Amino acid sequence: MDRKEATTDNRPMILCVDDEPLNLKLLVDLLSHRFATRIATNGQKALEVIAQHKPDLILLDVMMPVMDGFETCTRLRRDPQTEDIPILFITAKNQPTDEEHGLKIGGNDFISKPINPGVLQARIDTQLKLRYAQEKIRQRAETLEEEVTQRLDEINRLQDSSIFVMTSMAEFRDEATGNHIRRTQYYVQALARELAKNPEFTSRLSDERIELMTKSAPLHDIGKIAIPDNILLKPGKLTSEEFSVMKTHAEKGFRILQRAAESMGNGGQFLEVAQEIAYYHHEKWDGSGYPHGLAGENIPLSARIMAISDVYDALTSERPYKKAFSQEQALEIMLAESGMHFQPVLLETLTQIKTQLLEIANRHPDKKQQ
């Protein structure tokens, strides 16, 4: 059969491999009324044929020159492109040890010569049915995987959209927070990634966890949308009474995110980290923070990382009531709070990524006030 005929024949293709011309003629005569057939006289030629036209099934003699059937089978099973082709050994080597060896190296069946035509046809049909069933299962698995991936993409887009909407609400109330939100988000990401290299934190900072923290960081001050304008937008220093009101943004933010998560059902689980950050990012390592005066490891790690990122950005940013400190000045001020406001190891890690912090700040500068 020439190449043109093979490519236009939709019947299953069977490759017959035997060094005896009479055996090949017998196989072709038995099969050609139902199958497209190709022939090869040894294993090496069989591999050459398969490289051009992948068959649906191989009938493989064992004792052949150049490359025998066992070696041919072994090579086919090592190649991902051919590892799933059914192989039926047809051989005069009919000892139990021969059959056992043939099956161990990947043969699907073992038929002894002389050939019984009915048995050969039945075993070919069985192997082809199994292969087609496996192919359907594989295709269905791929379809399901694509559907799951698509669904996860939709969920991720919904999550991102939800965060964007809530973050936009905070930005709308206070335009000065816009790039503060972006900078702190990337500070959190950079600090968490560096911290994950420390064996003390590696297990708690998986890639998935860091991604959630990075997505959640922009919501750390979402509670400020519930703070009155005369306090939130006041250009000068707050009075003690005003500051007491301002401090309620931590709990208000937690409640907002909690209600949002509840309304989403199981889909709102991604907001758990956001709730931690919003509620606890003003707690201090020594227990002197708010709203609950938590100390040490009782403060969620996500909130501790957010706290350092938030304070660093506040110190290095200009506000109506203060000028920006340089990075050196800001870190000096923060290091003085090591063990009090901040967990020492987190603060030490922050100093190790100074260059990254500057790059982030340069990419997201504050807009100049008109």
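Looking up the protein chain in an unreviewed UniProt entry gives the name Response regulator, with the organism given as Thiomicrorhabdus xiamenensis.

Draft legend 1. Here's a closer look at the UniProt feature "modified residue: 4-aspartylphosphate" (unreviewed entry) in the protein chain. The positions UniProt marks with the feature "modified residue: 4-aspartylphosphate" (unreviewed entry) are Asp61. Looking at where Asp61 falls in the secondary structure, it is placed in the loop between strand S3 (57-60) and helix H4 (69-78). Setting aside its immediate chain neighbours within four residues, Asp61 contacts Val17, Asp18, Asp19, Gly69, Ile90, Thr91 and Lys113.

Draft legend 2. Quick look at the packing of aromatic side chains. Within the structure shown, the criterion is met by 6 aromatic pairs. Taken together, a centroid distance of 5.9 Å and an interplanar angle of 50° make the contact between Phe89 and Phe110 tilted. Of the two residues, Phe89 sits in strand S4 (residues 87-91) while Phe110 sits in strand S5 (residues 109-112), which places them 21 residues apart along the sequence. No difference in accessibility class separates Phe89 from Phe110, as the two residues are buried. Where Tyr279 meets Tyr280, the ring centres are 4.8 Å apart and the plane angle is 35°; that geometry is what we call tilted. Relative accessible area serves as the criterion here: at 19%, Tyr280 is assigned to the buried category. Cluster of aromatic residues (ring-pair linked, three or more members): Phe70, Phe89 and Phe110. Seen from the ring of Tyr290, Lys247 lies directly overhead, with NZ or CZ sitting 5.3 Å from the centre.

Draft legend 3. Expanded view of the pattern of salt bridges. In this structure the tally under the stated criterion is 23 salt bridges. The salt bridge partner of Asp56 is Arg131, with a shortest N-O separation of 3.6 Å. Placement of Asp56 in the loop between helix H3 (43-52) and S3 and of Arg131 in helix H6 (residues 117-173) is noted, with a sequence separation of 75 residues between them. For Arg138, the salt bridge is made with Glu142, and the minimal N-O distance between the two is 2.3 Å.

Draft legend 4. Summary view of the pairing of S4. Burial analysis of S4 places 5 of its 5 residues in the buried class, which makes it a mostly covered element. Burial along S4 is two-sided: the residues Ile87, Phe89 and Thr91 and Leu88 and Ile90 are all buried. Examined bridge by bridge, S3 and S4 share 3 bridges and lie parallel to one another. Looking at the pairing, Leu60 lines up with Phe89 of S4. Inspection of the sheet shows S4 paired to S5 by 4 bridges, in the parallel sense. Its bridge partner being in S5, Leu88 is matched across the sheet by Asp109.

The rules behind each value
Residues numbered from 1 in each chain as written. Predicted model: local features only at pLDDT ≥ 70, side-chain atom pairs only at ≥ 80, totals over all residues. Heavy atoms only, no water. UniProt positions renumbered as here; feature names shortened; annotations may be inferred. Helix = DSSP H or I, 4+ residues; strand = E, 2+ residues; numbered from the N terminus. Contact = heavy atoms within 4.5 Å. Phe/Tyr/Trp six-rings, centres within 6.5 Å; stacked < 30°, edge-to-face > 60°. Buried < 20%, exposed > 50% of the residue type's maximum accessible area, 1.4 Å probe, protein only. Lys NZ or Arg CZ within 6 Å of the ring centre and 35° of its normal. Salt bridge = Lys/Arg side-chain N within 4 Å of Asp/Glu carboxyl O. Pairing = 2+ DSSP bridges.

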